[in-house]
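# What the coordinates show
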Amino acid sequence: SMIPGGMARLDPKTGLYEYYEVPYMDSRVKTEGYLPHGVDVDRNTGVVWMALNSGHYAEFDRRKCKGKLNGPEATGRHCPEGWTLHTMPGPNFKGVEQSGTADSYYLNWVDWFNTSGFGNNTPMANGSGSDALYAYVNGKFITMRVPYPMGFTTRGMDGRIDDANAGWKGKGIWSDRKSTRL
């Protein structure tokens, strides 16, 4: 089954794998999510960011886990305390009472080198159904829209720095919709 989805981690020193499921149908958590699409990691802390189809941006910090990280007790659902699910901006489907949004998030990216101007290690996600890119800055989402007349159905993004000394003119965020540059 694809729900709830999760991620695997390989410890290169021990060769052991660890598996962590997105909290779903779990009474130990306040917010549930499902179906991760993208995954990226903060360059300094190892915090993992995942865009979820449930309308959340998942933040997973393995350092918060309280129990064993591998072995028979580590079933994937062994570290709900490591997950924080941030509700993405925008409306939810009519009649849905659970947290989340109706937008679709395909991939995400962590801006390690302040390409965006929002700071190092800024997590960003693309709203495929909302014509937007979202940056998660200081606990809030910043919505960036592209004035493109045919819609901006982005699937991924990346940053590029051509001249770090040229300010905003020397760097940019690139998406895959007709190579539109922000």
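Please refer to the structure higher up on the page.
Residues numbered from 1 in each chain as written. Predicted model: local features only at pLDDT ≥ 70, side-chain atom pairs only at ≥ 80, totals over all residues. Heavy atoms only, no water.

## Some points on the overall build of the protein chain
Cut-off, in case you're wondering: A run of H or I in DSSP becomes a helix once it reaches four residues, and a run of E becomes a strand once it reaches two; helices and strands are each numbered from the N terminus. C-alpha atoms define the radius of gyration in this analysis, and the globule rule sets the expected value at 2.2 Å times the number of residues to the power 0.38. We call two residues contacting when some pair of their heavy atoms lies within 4.5 Å. Only the protein chains shown count as covering a residue, and every accessible area follows the Shrake-Rupley method with a 1.4 Å probe. Asp and Glu count as negative and Lys and Arg as positive, but His and the ends of the chain are not part of the count. For this purpose, a charge sits on NZ of Lys, CZ of Arg, CG of Asp or CD of Glu.
A tally of helices and strands in the protein chain yields zero helices and 12 strands. In sequence order, the protein chain lays out its α and β elements as β-β-β-β-β-β-β-β-β-β-β-β. The C-alpha radius of gyration of the protein chain comes to 17 Å, within 12% of the 16 Å expected for a compact globule of 182 residues. Each of the three principal axes of the protein chain carries a C-alpha extent, and together these read 50 × 45 × 25 Å. The long-range fraction of contacts in the protein chain, counting pairs at least 24 apart against all pairs at least 6 apart in sequence, stands at 45%. As presented, the protein chain carries roughly 10400 Å² of accessible surface, and 52% of it is formed by carbon and sulfur atoms. If you average the places of the 21 positive and of the 19 negative side-chain charges in the protein chain, the two averages end up 3 Å apart.

## Things to note about the pairing of strand 1 (residues 6-10)
Consecutive side chains along a regular strand alternate between the two faces of the sheet. What counts, and what does not: Strands pair, by our definition, only if DSSP identifies at least two bridges between them.
The pairing of strand 1 with strand 2 (residues 17-21) spans five bridges and is classified as antiparallel. Each residue of the ladder has a partner; that of Ala8, found in strand 2, is Tyr19. Turn length for the strand 1-strand 2 hairpin, with the two strands adjacent in sequence and antiparallel, is six residues, and the turn residue Gly15 shows positive phi of about 80°.

## Some thoughts on the state of the cysteines
For the record, the criterion: Note on disulfides: each one is a pair of cysteine sulfur atoms within 2.5 Å. Per-residue accessibility, obtained with a 1.4 Å probe over protein chains only, is compared with the maximum for each type, and a residue is labelled buried under 20%, exposed over 50%, and partly exposed between these values.
Scanning all chains against the criterion turns up one disulfide. Each sulfur in the disulfide pair Cys65 and Cys79 lies 2.0 Å from the other. Across the disulfide from Cys65 to Cys79, rotation about the S-S bond amounts to roughly -100°, and the bridge is consequently left-handed. Of the two residues, Cys65 is situated in the loop between strand 5 (56-60) and strand 6 (83-87) and Cys79 in the loop between strand 5 and strand 6; the sequence distance between them amounts to 14 residues. Comparing Cys65 with Cys79 shows no difference in burial state: the two are buried.

## What to know about the sheet that holds strand 7 (residues 105-111)
Pairing between sheet strands relies on hydrogen bonds along the backbone, with the strands arranged either parallel or antiparallel. Basically, it comes down to this: Axis definition: a line fitted to C-alpha atoms, limited for helices to the stretch in contact. Angles are taken between N-to-C directions and run from 0 to 180 degrees.
Strand order across the open sheet formed by four strands is 7-8-9-10, with antiparallel pairing between neighbours. Both edges of this open sheet fall to strand 7 and strand 10 (140-145), since each of them pairs with a single strand only. Neighbour-to-neighbour, the strand axes of the sheet open up by a mean angle of 25°, direction not taken into account. In this sheet, strand 9 (residues 132-137) lies alongside strand 8 (residues 122-127) in antiparallel orientation, the contact comprising four bridges. Directly across from Ala125, in strand 9, lies its bridge partner Tyr134.

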